[in-house]
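A closer look at the structure
Now for the letters of each chain:
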Amino acid sequence: MHPGQKLKPGARVRFEGDKTVHGEVVERRFFGRRLVRLWTDDGSAIEAAVDAIGHVPLPPYVKRGDTAADHDRYQTVFARNRGSVAAPTAGLHFTPALMDALRAKGIDRAERVEDHRVESERYEIGVEDAAVIDAARRDGRRIVAVGTTTTRTLEAVARANLGAIVAGTGATDLFIYPGFDFRVIGGLLTNFHLPRSSLLMLVAAFAGRARVLAAYHAAIRQRYRFYSYGDAMLIV
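Residues numbered from 1 in each chain as written. Predicted model: local features only at pLDDT ≥ 70, side-chain atom pairs only at ≥ 80, totals over all residues. Heavy atoms only, no water.

Focus on the pattern of salt bridges
We apply this condition: One side-chain nitrogen of Lys or Arg within 4 Å of one carboxyl oxygen of Asp or Glu is enough to make a salt bridge. Numbering of helices and strands runs from the N terminus; a helix is a DSSP stretch of H or I covering at least four residues, while a strand is a stretch of E covering at least two. Relative accessible area decides the class of each residue, using a 1.4 Å probe on protein chains only: under 20% of the type maximum gives buried, over 50% gives exposed, and in between gives partly exposed.
Scanning the model with the defined rule gives 14 salt bridges in all. The salt bridge involving R29 is made with E27; its shortest N-O contact spans 3.2 Å. Linking D100 and R103 is a salt bridge whose minimum nitrogen-to-oxygen distance equals 2.7 Å. With D100 and R103 both in helix α3 (residues 96-104) and 3 residues apart, the pair spans about one turn of that helix. By relative accessible area, which is 44% here, D100 ends up partly exposed. One connected set of salt bridges, linked through shared partners, spans R12, E24 and R37.

A closer look at the confidence of the model for the protein chain
For clarity, the cut-off: Predictor confidence is given residue by residue as pLDDT, running from a minimum of 0 to a maximum of 100. Contact between two residues is taken to exist if any of their heavy atoms lie within 4.5 Å; hydrogens are not considered.
Confidence in the prediction of the protein chain, expressed as mean pLDDT, is 86, and 94% of residues score 70 or more. Below a pLDDT of 50 lies the segment residues 112-118, which in the model reaches 38 contacts outside its immediate sequence neighbourhood of four places, other chains included.

Topic: helix α7 (residues 209-221)
Note the threshold: Expected span of a helix, by definition, is 1.5 Å for each gap between consecutive residues, and there is one gap fewer than residues.
For α7, spanning 13 residues, the distance from its first C-alpha to its last is 18 Å, which sits close to the expected 18 Å at 1.5 Å a residue. Where the residues of α7 are buried, they touch β7 (187-191), α6 (198-207) and β8 (232-235). R223 lies just past α7 and shows a positive phi near 60°.

Regarding the packing of aromatic side chains
Our working rule: Only the six-membered ring of Trp is used, alongside the rings of Phe and Tyr, when aromatic pairs are assigned; centres must lie within 6.5 Å, and planes under 30 degrees apart are stacked while those over 60 apart are edge-to-face, with the rest tilted.
In total, this model carries 8 aromatic pairs according to the counting rule given. Where F180 meets F182, the ring centres are 4.8 Å apart and the plane angle is 75°; that geometry is what we call edge-to-face. Plain terms: the ring middles of F192 and F226 are 5.1 Å apart, the flat faces sit at 25° to each other, and that makes the pair stacked. Here F192, found in the loop between β7 and α6, pairs with F226, found in the loop between α7 and β8; they are 34 residues apart in sequence, far enough to count as distant. Using a relative accessible area of 23% as the deciding quantity, one classes F226 as partly exposed.

Here's what the structure looks like:
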């Protein structure tokens, strides 16, 4: 909650539009975050009320208000479940046509393996997804992770299950930095990240610091777009 220094546990807020949503601060957490209980005047589903009056939470460096197009554009074509507090931006590069082209080449894919949070990262791996990924792992085929959350999820789950990918939900605080022993992924599609960030350290751990720095210098020279609505790189 920004600004929210005065919003201590017990404080109440109200969001008004086509519907009215009430909120009460339940718990104060680090870095301005709060645990908030939400409800509506008429007892209707909070998800529908949020959809009616809410805005797409574009990153602060996108210097404009959200538009109707962002409801579709700032979302992946394979997203299904609610709950992520940030878009998995590496997945924004995929279109239905690109997904069809990958399928035509016989490339398997898991429907969804992540539900991203900012503090730790929560994930969900479905039964079919786990079977597809683990079969590729056993066959020695290359597993390409779309985004850093997917990477952390797969590597964390493998470490907890003797190398296997199993279905389930959970959370991981796995910190991947140079020197990390990757056991699952053999490729990574990821956006260009902020300097000195944990995401950039993960990319450097996978590709090597010198290669990543060279790629970033080339991206700057070629005026690539960085961050959420930016360009991506495929590392194999």
